[in-house]
Amino acid sequence: MGRSWGSVAEFEGFLDAGGIVEPVDAMPDEYRQHVFRFIELHANSELMGGLTERDWIPKAPGLRRKLAVLAKTQDEIGHAHLLYMVAADLGVKTRVEMLEDLFANRGRFHNVFHYQAVTWADQVAIAYLVDAAALISQQAVFKNCSYGPYKRILRRIVAEEGFHMRHGEEMLLVFAEGTAVQREMFQAALDRWWWPTLHMFGPPSKPDDALLRWHIKSERNEDLRDKWVQKYATLLTGYGFVPPDPDLRRDPESGRWVTGEIDWAPLKATFANLGPDSARRVADAARHWNETRWVREALESVARRAA
Ligand SMILES: [Fe+2]
Ligand SMILES: [Fe+2]
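Quick summary incoming for the structure in this document.

Moving on: the pattern of salt bridges. Tallied over the full model, the rule gives 24 salt bridges. Residues arginine 65 and glutamate 170 are paired through a salt bridge, measuring 3.2 Å at the closest nitrogen-oxygen approach. Taken together, the positions of arginine 65 in helix H3 (residues 62-88) and glutamate 170 in helix H6 (residues 148-176) put the pair 105 residues apart, joining distant regions of the chain. Residue class for arginine 65 comes out buried when judged on its relative accessible area of 12%. For arginine 281, the salt bridge is made with aspartate 277, and the minimal N-O distance between the two is 3.4 Å. Neither arginine 281 nor aspartate 277 differs from the other in exposure class; each is buried. What emerges from the salt-bridge pattern is a single network uniting Arg54, Asp55, Asp284, Arg287 and Glu291.

See below:
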């Protein structure tokens, strides 16, 4: 039997004291909905990320890169399914309902997966910049998340994302130390991915952000973004690349990077699945889901006969 609390205030007191909620516990419906939506968004994003990663298996240069992309694809799809299971345990939607919502364009997924990766250098920028941004966000959730199953599954996801980021770093070095054409290719990819990566952390957290109040997230969006900017503005400029922000500068007193004003319109478009590549990506994912229907039906009929 799970635990229950006399009031929402008591439940909040439990969370504030560092308490961890398990699926069998009685939890306020608002908490259940927020945790569910957060994990569903994460699961959908892993799946959409994994599917684009898969597109690059045949196009990755050389066997070694193909093996790495193959492994990364497996990791991301694996992350998605672990997360769908954790989300389904909350009893709001089944795993299949979440997938069907996503493929019917009723689901949400992170902004960066609403853009197209145009060249191999985009894949490098994704591994180097986007995986690093995801890692910063997920580490912050992992440290202090109040929902037990999510926190436990994040331990594994964060470990694997660490490999993706290192893989990105290694590829970035090849481009940074490469030919003029390679450096131009990475610069063009950086021009495409800098702002979407900054957007990925979300608009500044509101003072009454429910995700913070319920200890689902533990750090504010703008603080996480700043952590990323401090590290990656230093690294990128150190390698001689130029982030596409004419107002990016170091504050002379603190020595910290300050970005120019962020235009939130492109992020808002992705919230409505109206990003530059949203329609193609969702349609592509839906097509694969339909093409593999016979596999699911065959497995179900075997399971039915065995029962
Ligand atoms: Fe992942
Ligand atoms: Fe990843």
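It is worth spelling out the side chain of asparagine 221 at this point. As for its position among the elements, asparagine 221 is in helix H9 (residues 221-238). Here asparagine 221 falls in the buried class, since its relative accessible area comes to 8%. For asparagine 221, the side chain forms a polar contact with the side chain of lysine 217, separated by 2.6 Å. Each residue touching asparagine 221, except ones within four places of it in the same chain, is listed here: Phe201, Gly202, Pro203 and Ser205.

The protein atoms donating to the iron ion (ligand 2) are Glu76 (OE), Asp131 (OD), Glu161 (OE) and His164 (ND1), with metal-donor distances spanning 2.0 to 2.2 Å. Considering all 4 donor atoms around the iron ion (ligand 2), angles at the metal cover 83 to 153 degrees and the coordination shape is irregular. Donor residues for the iron ion (ligand 2), ordered by position in the chain, follow E-x54-D-x29-E-x2-H. Distance-wise, the iron ion (ligand 1) is placed 3.6 Å from the iron ion (ligand 2), both being coordinated by glutamate 76. With aspartate 131 in helix H5 (residues 120-144) and glutamate 161 in helix H6, this residue pair connects regions lying 30 residues apart in the sequence. The burial state of aspartate 131 is the same as that of glutamate 161; both residues are buried.

Attention now goes to the nonpolar core. The nonpolar side chains of a soluble globular protein tend to be buried with one another. Residues Tyr31, Ile39, Tyr147, Tyr150, Phe186 and Trp228 are the most contacted members of the largest nonpolar core, which totals 90 residues. Of the residues forming this core, the biggest block, 16 residues, is contributed by H5. Beyond its immediate stretch of four places on either side in the chain, tyrosine 150 contacts Phe38, Ile39, His42, Leu83, Val86, Val141 and Cys145.

Looking now at the packing of H5 against H9. Packing of H5 against H9 leaves a shortest axis separation of 10 Å and a crossing angle of 145 degrees. As for how H5 packs across H9, the hand of that crossing is right-handed. Contacts from Tyr128, Leu129, Ala132, Ala133, Ile136, Ser137 and Ala140 in H5 reach Leu224, Lys227, Trp228, Tyr232, Leu235 and Leu236 in H9. Partitioned by chemical class, the residues of the contact of H5 with H9 number 11 nonpolar, 1 polar and 1 charged.

The rules we used
Residue positions are given per chain, counted from 1 along the sequence in the order it is written. Chain letters start at A and ligand numbers start at 1, both assigned in the order the entries are written. Only residues with pLDDT of at least 70 get local features here, since the model is predicted, and only at 80 or more are side-chain atom pairs given and counted; chain-wide, interface and lining totals rely on the full set of residues. For the side-chain quantities, the full set of heavy atoms in the structure was used; hydrogens and water were omitted. Think of a salt bridge as a Lys or Arg side-chain nitrogen and an Asp or Glu carboxyl oxygen that are within 4 Å of each other. Each helix corresponds to a stretch of at least 4 residues labelled H or I by DSSP, and each strand to a stretch of at least 2 residues labelled E; elements are numbered beginning at the N terminus. Only protein chains enter the accessibility calculation, which uses a 1.4 Å probe; a residue whose area is less than 20% of its type maximum is buried, one above 50% is exposed, and one in between is partly exposed. Identification of polar contacts relies on pairs of N or O atoms within 3.5 Å, with a donor-acceptor requirement for protein atoms, meaning one able to donate a hydrogen and the other able to accept it, and with residues adjacent in sequence counted only if both atoms are side-chain atoms. Contacts were defined at the residue level, with two residues in contact if any of their heavy atoms lie within 4.5 Å. Shown as donors are all N, O and S atoms within 2.8 Å of a metal ion, widened to 3.2 Å for Na, K and Ca; because water is not in the atom set, sites may appear incomplete. Irregular is the label for any site that misses the other tests, which are tetrahedral for four donors with all angles between 85 and 135 degrees, and square planar for four donors or octahedral for six when opposite donors exceed 155 degrees and the remaining angles lie between 65 and 115. Side-chain atoms within 4.5 Å are what join buried Ala, Val, Leu, Ile, Met, Phe, Trp, Tyr and Cys residues into a set we call a nonpolar core. Here the axes come from fitting lines to C-alpha atoms, over the contacting stretch only for helices, and the angles between their N-to-C directions go from 0 to 180 degrees. Left-handed describes a crossing in which the near helix is turned anticlockwise from the far one by less than a right angle; the clockwise case is right-handed. We call Asp, Glu, Lys and Arg charged. Ala, Val, Leu, Ile, Met, Phe, Trp, Tyr, Cys and Pro are nonpolar, and the rest, Gly among them, are polar.

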